[in-house]
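Tertiary structure, described
Next come the chains, spelled out residue by residue.
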Amino acid sequence: LHPDRIKGAGVNIDEDDAQKMFARINRAFTTLTDGKKREHYHKVLEAGGELAYRKKLEKEEAQARRILEAEDHFLTGEMAIRRGQYKVALEQFEQAVAKNPKEGEHHAYYGWSVWMNTADKNGVYDDVRTALEKALKLSPKCAPAHFFMGQLAKHKEDYSKAIKLFEKTLKLNPVHKDAQ
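A brief report on the enclosed structure follows. (Residues numbered from 1 in each chain as written. Predicted model: local features only at pLDDT ≥ 70, side-chain atom pairs only at ≥ 80, totals over all residues. Heavy atoms only, no water.)

Section: the pattern of salt bridges
If the charged atoms of two oppositely charged side chains come close together, the side chains can form a pair. A complete count under the given rule lists four salt bridges for this structure. With its nearest N and O atoms 3.6 Å apart, the salt bridge here joins Arg54 to Glu50. Note that Arg54 and Glu50 are positioned in helix α4 (residues 50–82) at a spacing of four residues, about one turn of the helix. Of the residues examined, Arg54 reaches a relative accessible area of 45% and is grouped as partly exposed. On the accessibility criterion, Glu50 (39% relative accessible area) is partly exposed. Residue Arg129 is joined to Glu133 by a salt bridge in which the shortest nitrogen-to-oxygen separation is 3.0 Å. (Salt bridge = Lys/Arg side-chain N within 4 Å of Asp/Glu carboxyl O. Helix = DSSP H or I, 4+ residues; strand = E, 2+ residues; numbered from the N terminus. Buried < 20%, exposed > 50% of the residue type's maximum accessible area, 1.4 Å probe, protein only.)

In structure tokens form, the structure reads like this:
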């Protein structure tokens, strides 16, 4: 099917069409004989074609960007907490949770920043507890969430529960100074 030989075989075809057909055959042959290209081709087929595959990649890239942005907000919020800037921390953790709601530690610090931003601890207790429970559901080994739950238990004067939660925190993070 080489363009120079196709006419000699008696096939009546325009030369440009022959070039295009031969290029497609070469591309197909290269795809089928190269393992990586064949694997990529199968991924494209499984995704529903080239357009669907590109949309899937774009969606995955957007999700990755959101996760990285969430991590930036989270780290900024952590710094704000260390500096006692609880309002800034709350804003940053709200953004972190909004951009990556599947990260337990983001919920833990969001809840804690809500707690630290108000003088009316009893008024926010249920909301903070809900955020911390969500954090533990998403990430059962989240030491900060256990520590913050211990602080809530201490606030409610349930000291035995607080001690158990601080012990759990230390089991997960033996150098957690506040839990010690």
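A closer look at the packing of aromatic side chains
For the structure on display, the rule yields nine aromatic pairs. Ring centres 5.4 Å apart and planes at 35° place the aromatic pair Phe93 and Tyr109 in the tilted group. Residue Phe93 is found in helix α5 (residues 86–99), and its partner Tyr109 is found in helix α6 (residues 104–116); the two are separated by 16 residues along the sequence. For the pair Phe93 and Tyr109, a shared accessibility class is recorded, and that class is buried. Each residue in the set Phe74, Phe93, Tyr109, Trp112, Trp115, Tyr125, Phe147, Phe148 and Phe166 is aromatic and connected to the rest through ring pairs, giving one cluster. Its guanidinium or amino end placed over the ring of Tyr125, Lys156 lies 4.4 Å from that ring's centre, counting from NZ or CZ. (Phe/Tyr/Trp six-rings, centres within 6.5 Å; stacked < 30°, edge-to-face > 60°. Lys NZ or Arg CZ within 6 Å of the ring centre and 35° of its normal.)

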